[in-house]
Amino acid sequence: MTARTLAWTSFIAIAAFVLMAANRLTVLDPVENVTLNVTSPMQTGLSSLTRPVADWVNNITDAGALSDENRRLREENERLTNELARAREEAIQQQSAEDLNAVKQQFPDDVFLASNVVSRDSSNARAIIAIDSGSGDGVREGMIVVSEGRSLVGTVTKTFDDYSWITLITDPKSAVSAIVQESRSDGVVSGNYDGSLVMDFVGQGAAVKVGDFVTTSGVGGRYPSGIVIGRIADVQKTDQDLFQKVHVDHLASLSKLERVLVLTSFEPRTLEKPE
Amino acid sequence: MRYWTGAAIAFFLAIVQASSVEQFKILGVSPNLLLVFLVAWLVVRGLDDVLPMLFVAGVTFGLVGLQPPGVILLALLPIAGFGVLRELHVVHSDLILVVLLVFGASLMYETVMLGSIMATGGVRGVPEIGTGLRAAVVPAAIVNVALAPAVYFVMRFARPAQRRGQLSF
């Protein structure tokens, strides 16, 4: 190893730690905003250029499923499923005037800001996207994001002037208080490294079954209640475990999102601990 | 090779990786063309040429790829360590060397990415580390290795003129 090589290696190592610290202190935010501004047209162009090839390759690896048709049908299915789930949710909630009032207070009028997805995290461990709306458009950290079919997509975790990062519900760091619509059993829906969703902390006695809808519960104040997350795909229950492990299929087609809606009318709350 | 040429190539590749390559899902993961390219470049051109590219690629990819640039640089840094293996000539076939280094560098890259999530509280228990290794780290290494021969074949044209005529498969 030459002195020049050693110098470069040391420089990169030091730069890595300096950049990590800078990122932690949000010093890099303006640079990232400018970089996304400059590169997003190129990224969008390249993305649309390679999308047909990617769809073709992904179709082969997905046993020949027709991607476009699949996407269209998923969107249609998502919309109809959401309508059904919302109708059921309304029916259930109307049974209790108290619950209904609570929901109205939390989720008065939906005001959405439509945004385009301009970049995606390309690491295999995280699930983050960037959208072309930022703090300048009224987007704030903590706001929730839904798909065009109104299923939960994720949360705004970082905002720049013109862009925001959305941590998807499938991200390993995501956790959403949720409720099974039919049985009203609650739990926490978390993301996983393989892109799946798991609902934890569902009691052994809870009557949950495959096909049930899972919606946000509103517990904790970070999400409004009644937003559809997905449907139960599998339930694992053993006598030794305290809780059932419930696998959930998300309704929104998260890997192919092109446009999302930021729910700007909902302000997430941080609940204070009791005295 | 002039630094600006390498920097331009690295910048463009980082954009391509962030905007296009992430759309391809094989075994549930996206290939890391940037990493494979840097390793192939290391074998073909040497450590002195690849390090400036690694820096530009890492920072650019961090800025446009929604991961902290420092973490990306740290994850790519083992490539410099693997460069020593090239200098030692422990493997005489460049193609086999590329495949071995891509496998090692991919494992290191994905492990650092997984570690960064763990460090910031993204892992809720030991079983999740297993899931991370099974679902992201190992498949990514396999997919990158599958891509390596094709990238190396193209990279051979970037070999210095006096070595270009030599067969080194």
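Owing to the predicted nature of the structure, the values given are computational and were not obtained by experimental measurement.

1. Comments concerning the overall build of chain A
Next up, step 1: A tally of helices and strands in chain A yields 4 helices and 12 strands.
Next up, step 2: The burial tally for chain A puts 48% of its 275 residues in the buried class.
Next up, step 3: Restricting to contacts in chain A with at least 6 residues of sequence separation, those with at least 24 account for 61%.
Next up, step 4: About 13700 Å² of surface is accessible on chain A, with carbon and sulfur atoms providing 55% of the total.

2. A short note on the pairing of strand S1 (residues 112–120) of chain A
Residues and elements named next belong to chain A.
Next up, step 1: Across 5 bridges, the pairing between S1 and strand S12 (residues 259–263) is antiparallel. Among the inter-strand pairings, leucine 113 is bridged to a residue of S12, identified as valine 262.
Next up, step 2: Of the strand pairs in this sheet, S1 and strand S2 (residues 128–131) are connected by 3 bridges, and their pairing is antiparallel. Among the inter-strand pairings, valine 117 is bridged to a residue of S2, identified as isoleucine 131.

3. Describing the domain arrangement of chain A
All names here are of chain A.
Next up, step 1: We note that the domain assignment places domain 1 (1–106) and domain 2 (112–267) within chain A.
Next up, step 2: Opposite the 25 residues of domain 1 that make contact, domain 2 presents 30 residues.
Next up, step 3: Of the roughly 2600 Å² buried between domain 1 and domain 2, counting both surfaces, carbon and sulfur atoms make up 45%.
Next up, step 4: Counting the contacts that link domain 1 with domain 2 gives 2 salt bridges.
Next up, step 5: Inspection of the domain 1/domain 2 interface yields 7 residue pairs in polar contact (both at pLDDT 80 or more).
Next up, step 6: Elements represented by at least two residues in the side of domain 1 that touches domain 2 include exactly helix H2 (29–61), helix H3 (67–94) and helix H4 (97–106).
Next up, step 7: For the side of domain 1 that touches domain 2, the leading source of residues is H3, giving 13 residues.
Next up, step 8: In the side of domain 1 that touches domain 2, the residues fall into 5 nonpolar, 10 polar and 10 charged.

4. Side note on helix H1 (residues 3–19) of chain B
Counting along an α-helix, one turn takes 3.6 residues, and residues three or four places apart therefore face a common direction.
Next up, step 1: With 17 residues, H1 of chain B extends 24 Å from end C-alpha to end C-alpha; this agrees with the ideal 24 Å at 1.5 Å per step.
Next up, step 2: Among the residues of H1 of chain B, those classed as buried are Gly6, Ala10, Leu13, Ala14, Ile15, Val16, Gln17, Ala18 and Ser19 of chain B.

5. Some thoughts on helix H1 (residues 3–24) of chain A
Residues and elements named next belong to chain A.
Next up, step 1: If you check H1, its first and last C-alpha atoms are 32 Å apart, about what 22 residues at 1.5 Å a residue would give, namely 32 Å.
Next up, step 2: For H1, the complete set of buried residues consists of Thr5, Thr9, Ile12, Ala15, Ala16, Leu19, Ala22 and Asn23. All buried residues of H1 project into a common sector of 155° when viewed along the axis, lining one side. In H1, the exposed positions that point more than 90 degrees away from the buried face belong to Ala3, Ile14, Phe17, Val18 and Arg24.
Next up, step 3: One or two positions beyond H1, positive phi appears at threonine 26, with a value near 60°.

6. Considering the sheet that holds strand S3 (residues 144–146) of chain A
Next up, step 1: Read around the closed barrel, 6 strands run S1-S2-S5-S4-S3-S12 (chain A), paired in antiparallel fashion. Put simply, the sheet's adjacent strands are angled 45° from each other on average, direction ignored.

7. Section: the side chain of asparagine 33 of chain A
Next up, step 1: Summarising the element assignment, asparagine 33 of chain A is placed in helix H2.
Next up, step 2: Polar contacts involving the side chain of asparagine 33 of chain A include one to the main-chain amide nitrogen of aspartate 162 of chain A, which spans 3.3 Å.

8. Description of the packing of H1 of chain B against helix H2 (residues 33–45) of chain B
Residues and elements named next belong to chain B.
Next up, step 1: Direction vectors running N to C along H1 and H2 enclose 150°, while the axes themselves pass 9 Å from each other. Between H1 and H2, the interaxial angle falls into the category roughly antiparallel. Within the contact between the two elements, H1 uses Ile9, Ala10, Leu13, Ala14 and Gln17 and H2 uses Leu33, Leu34, Phe37 and Trp41.
Next up, step 2: In the contact of H1 with H2, the residues fall into 8 nonpolar, 1 polar and no charged.

9. Let's talk about the interface of chain B and chain A
Next up, step 1: Listed by partner, the interface residues are 52 residues for chain B and 53 residues for chain A.
Next up, step 2: For the pairing of chain B and chain A, the buried interface totals around 4600 Å² over both sides, and the portion due to carbon and sulfur atoms is 66%.
Next up, step 3: Contact with chain A buries area across many residues of chain B, yet Gln23, Leu63 and Leu66 of chain B alone supply 16% of it, more than any other trio.
Next up, step 4: Linking chain B to chain A there are 2 salt bridges.
Next up, step 5: Here arginine 120 of chain A makes a salt bridge to glutamate 22 of chain B, at a shortest N to O gap of 3.9 Å.
Next up, step 6: At the junction of chain B and chain A, the tally comes to 7 residue pairs in polar contact (both at pLDDT 80 or more).
Next up, step 7: When residues of the side of chain B that touches chain A are traced back to their parent elements, those giving at least two are H1, helix H3 (47–64), helix H4 (69–76), helix H5 (78–88), helix H6 (94–119) and helix H7 (126–155) of chain B.

10. Describing the sheet that holds strand S8 (residues 197–203) of chain A
Working definition: the strands of a sheet are paired by backbone hydrogen bonds and lie parallel or antiparallel to each other.
Next up, step 1: Taken together, the 6 strands give a closed barrel; going around it, the order is S6-S7-S8-S11-S10-S9 (chain A), and neighbouring strands pair in antiparallel fashion. Strand-to-strand twist across the sheet, computed as the mean angle between neighbouring axes with direction ignored, equals 40°.

11. A look at the pattern of salt bridges
All names here are of chain A.
Next up, step 1: Scanning all chains against the criterion turns up 8 salt bridges over all chains.
Next up, step 2: Here arginine 126 and aspartate 171 are joined by a salt bridge, their closest N and O atoms 2.8 Å apart. With arginine 126 in the loop between S1 and S2 and aspartate 171 in the loop between strand S5 (164–168) and strand S6 (175–180), the pair connects residues that are 45 residues apart, well separated along the chain. Each member of the pair, arginine 126 as well as aspartate 171, carries the same accessibility label: buried.
Next up, step 3: Close ionic contact of arginine 259 with glutamate 148 constitutes a salt bridge, the shortest N to O distance being 3.4 Å. Of this pair, arginine 259 sits in strand S12 while glutamate 148 sits in the loop between S3 and strand S4 (152–159), placing them 111 residues apart in sequence.
Next up, step 4: Judged by relative accessible area, arginine 259 falls into the partly exposed class, the value being 37%.

12. Looking at the pairing of strand S7 (residues 186–191) of chain A
Residues and elements named next belong to chain A.
Next up, step 1: Of the pairings in the sheet, the one linking S6 to S7 comprises 5 bridges and is antiparallel in character. The partner of alanine 175 across the bridge, within S7, is serine 190.
Next up, step 2: Where S6 folds back on S7, the antiparallel hairpin that results is connected by 5 residues, among which arginine 184 adopts a positive phi of roughly 60°.
Next up, step 3: As paired elements, S7 and S8 share 4 bridges and run antiparallel to each other. Within S8, the residue paired with valine 188 across the bridge is aspartate 200.

Rules behind the numbers
- Residues numbered from 1 in each chain as written.
- Chains lettered and ligands numbered in written order.
- Predicted model: local features only at pLDDT ≥ 70, side-chain atom pairs only at ≥ 80, totals over all residues.
- Heavy atoms only, no water.
- Helix = DSSP H or I, 4+ residues; strand = E, 2+ residues; numbered from the N terminus.
- Buried < 20%, exposed > 50% of the residue type's maximum accessible area, 1.4 Å probe, protein only.
- Contact = heavy atoms within 4.5 Å.
- Areas by Shrake-Rupley, 256 points an atom, 1.4 Å probe, with all protein chains shown as cover.
- Pairing = 2+ DSSP bridges.
- Domains from an automatic or database assignment.
- Buried area = accessible area lost by both parts, 1.4 Å probe.
- Salt bridge = Lys/Arg side-chain N within 4 Å of Asp/Glu carboxyl O.
- Polar contact = N/O pair within 3.5 Å; in protein donor to acceptor, adjacent residues only side chain to side chain.
- Nonpolar A, V, L, I, M, F, W, Y, C, P; charged D, E, K, R; others polar.
- Expected span 1.5 Å × (residues − 1).
- Arc of directions from axis to C-beta.
- Axes fitted to C-alpha atoms, helices over the stretch in contact; angles between N-to-C directions.
- Parallel < 35°, antiparallel > 145°, perpendicular 65-115°, else oblique.

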